[in-house]
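# Examination of the molecular architecture
The residues making up each chain are set out below.
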Amino acid sequence: MEAILTNSVLSSLVILLVAVLLDAVWRWPVSYHPLTLMRLLARGMGKKVLPSRQDAPAQHYISGTLGAVVLIAPLVVLTALLVYLAEYPVFFDAIIMIAVLDFSHERYRYRQVVNTVGKNKKALSRELVSAMVLRECDRLTDIGIAKAAIESLVLKFYYLYGAVIFWFLVAGPIAALTYRLLLLLSWEWHPRRGGYRYFGMPVRKCVRLLNWIPCVLMACVMLLVTDIVGAIKALKSAPVKDRTSLLLAAFGGGNGIRLGGPAYYQGQKYRYQRVGGPREVRFSDMIYCKRAIIRAAILYVSLISLTLLVTGMLANQVALP
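Starting from 1, residues in each chain are numbered consecutively following that chain's sequence as written. pLDDT decides what is reported in this predicted model: residues at 70 or higher carry local features, side-chain atom pairs at 80 or more are listed and counted, and totals for whole chains, interfaces and linings draw on all residues regardless. The side-chain figures draw on all heavy atoms in the structure; neither hydrogens nor water molecules are used.

### Points about the overall build of the protein chain
Just so we agree on the cut-off: Secondary structure elements follow DSSP: runs of H or I no shorter than four residues count as helices, runs of E no shorter than two count as strands, and numbering proceeds from the N terminus. Computation of the radius of gyration draws on C-alpha atoms, with the globule rule given as 2.2 Å multiplied by the number of residues to the power 0.38. Any two residues having at least one pair of non-hydrogen atoms within 4.5 Å are treated as being in contact. Methods summary: accessible areas were calculated by the Shrake-Rupley approach with a probe of 1.4 Å, and residue burial reflects only the protein chains presented. For the charge count, each Lys or Arg is scored as positive and each Asp or Glu as negative, with His and the chain ends excluded. The atom standing in for a charge is NZ when the residue is Lys, CZ when it is Arg, CG when it is Asp and CD when it is Glu.
Scanning the protein chain from N- to C-terminus turns up 13 helices and four strands. Taking 20 Å as the expected radius of gyration for a compact globule of 321 residues, we find that the protein chain reaches 21 Å, a close match to that expectation. Long-range pairs, those at least 24 residues apart, make up 70% of the contacts in the protein chain between residues at least 6 apart in sequence. Element-wise, carbon and sulfur atoms account for 65% of the exposed surface of the protein chain, whose accessible area totals about 16400 Å². A gap of 7 Å separates the mean positions of the 37 positive and 17 negative side-chain charges of the protein chain.

Here it is as structure tokens:
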């Protein structure tokens, strides 16, 4: 029993570290990434079953829920069966984690934006940042481009990187896969897209419930690697208290920069409140924010690894006769 528990913990730790290290040094080509197919299926499903604008919100909710189940359930069940029947399930667990922990694409896009902003290529910068965000980017100033890129990288660090690792730790690779697929659907069926206001709401609410604890944990880790006093002040003074605003407020306060503000979606202006630090974003802040995320990632993975080891040791002690 002791050996089984020890092997299970060590396997999980090795899978986590391999996935994190590969994500840090290697970027899975988008054309061959398994989630690319899922992204295309989600778009096709949305266009096919999306009710008309004249239909009642309840019809949108039902269609969105059924669409998510039809897309996700067969893939998750078949993957779980494959892992269960495999002679070496650890190998497939590792492949799943490498696939769902694809934060390297976000870092790559962010690095491209930083390079073009540094070279004062505004048109190219707007085009590149538009691949990171849903908002319209053709009116963004230099400050707006930098803020949009930073906000996108930070939020995806919480929602994608932190939450995927959290659910892997709590319930294993299949749970991490399920969460990642739900997150993908919530982005593809975002309420700010035309006609998806109610259709994508069930998936979005589910994702928000699943990433609530990971976001709190990641925010605490981020506080430790930035200015914790400034972050707490920004949280207290934030004019709005929704989760996204609070996460941006804490990060902006910790780095002394102001985030948020008006944004255009589908030609409509949304007046989001500005939160965070006392000053506007500068080009150098794009570098500093990236470094803060790297430090937070290292600390988060270290704490997760330590938790796995301690859990394994405690389980072994309980199992001893």
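### Remarks on the nonpolar core
Note the following rule: In this description, a nonpolar core means a group of buried Ala, Val, Leu, Ile, Met, Phe, Trp, Tyr and Cys residues linked to one another through side-chain atoms lying within 4.5 Å. Per-residue accessibility, obtained with a 1.4 Å probe over protein chains only, is compared with the maximum for each type, and a residue is labelled buried under 20%, exposed over 50%, and partly exposed between these values.
I150, F157 and W189 are the most contacted members of the largest nonpolar core, which has 89 residues in total. Top element by residues in this core is helix α7 (residues 142-171). It accounts for 19 residues. The residues contacting F157, other than those within four sequence positions of it, are F103, G162, M218, M222, I293, A296 and A297.

### Looking at the packing of aromatic side chains
Note the threshold: Pairing of aromatic rings covers Phe, Tyr and the six-membered ring of Trp, with a centre-to-centre limit of 6.5 Å; geometry is then stacked below 30 degrees between planes, edge-to-face above 60, and tilted otherwise.
This model, assessed by the stated rule, comprises 13 aromatic pairs. Here W26 and W28 contribute two aromatic rings whose centre-to-centre distance is 5.7 Å and whose plane-to-plane angle is 35°, an arrangement assigned as tilted. A centroid spacing of 5.4 Å and a plane angle of 20° characterise the contact between F157 and Y161, whose relative ring orientation is stacked. Of this pair, F157 and Y161 both sit in helix α7, four residues apart, which is roughly one turn of the helix. With respect to class, F157 is no different from Y161; both count as buried. Among the aromatic residues, ring-to-ring pairing joins F103, F157, Y158 and Y161 into one connected group.

### Thoughts on the state of the cysteines
Note the threshold: Cysteine sulfur atoms are paired as a disulfide whenever they come within 2.5 Å of each other.
A full pass over the atoms with the stated rule returns zero disulfides. Here C137 stays free of any disulfide, with the sulfur of C289 as its closest cysteine sulfur at 18 Å. On the accessibility criterion, C137 (5% relative accessible area) is buried. Between C220, a cysteine without a disulfide, and C215, which holds the nearest cysteine sulfur, the sulfur-to-sulfur distance is 11 Å.

### So, helix α12 (residues 243-255)
In an α-helix, one turn spans 3.6 residues; hence positions three or four apart end up facing the same way. Condition: Expected span, for any helix, means 1.5 Å times one less than how many residues it has.
Look at α12: 18 Å from first C-alpha to last across 13 residues, which is about the 18 Å you get at 1.5 Å a residue. In terms of residue burial, α12 counts as a mostly covered element, since 11 of its 13 residues are buried. The set of residues buried in α12 consists of R243, S245, L247, L248, A249, A250, F251, G252, G253, G254 and N255. Just downstream of α12 lies G256, where phi reads positive at about 75°.

### Quick notes on the confidence of the model for the protein chain
Spelled out, the test is: Looking at any residue, its pLDDT shows the predictor's confidence there, from 0 to 100.
Here the protein chain averages 92 in pLDDT, while 96% of its residues score no lower than 70. Per-element confidence in the protein chain ranges from a low mean pLDDT of 82 for helix α1 (residues 2-25) to a high of 97 for helix α8 (residues 173-188). When the criterion is pLDDT under 50, residues 1-5 qualifies, and its contacts beyond four places in sequence or with other chains add up to six contacts.

### Let's talk about the pattern of salt bridges
Stated precisely, the cut-off is as follows: Each salt bridge in this description consists of a side-chain nitrogen of Lys or Arg and a carboxyl oxygen of Asp or Glu lying within 4 Å of one another.
Evaluation of the coordinates by the stated rule reveals 10 salt bridges. D102 is paired through a salt bridge with R180; the nearest N and O atoms lie 3.2 Å apart. Taken together, the residues span a long stretch of sequence, with D102 in the loop between α4 (89-100) and α5 (104-118) and R180 in helix α8 at a distance of 78 residues. Accessibility classification places D102 together with R180 in one group, the buried group. For E280, the salt bridge goes to R258, with nearest N and O atoms at 3.0 Å. In this pair, E280 sits in the loop between β4 (274-276) and α13 (283-319) while R258 sits in strand β1 (residues 258-260), placing the two residues 22 residues apart along the sequence. Relative accessible area serves as the criterion here: at 29%, E280 is assigned to the partly exposed category. Taken together, the shared-partner salt bridges connect R39, R43 and E188 into one network.

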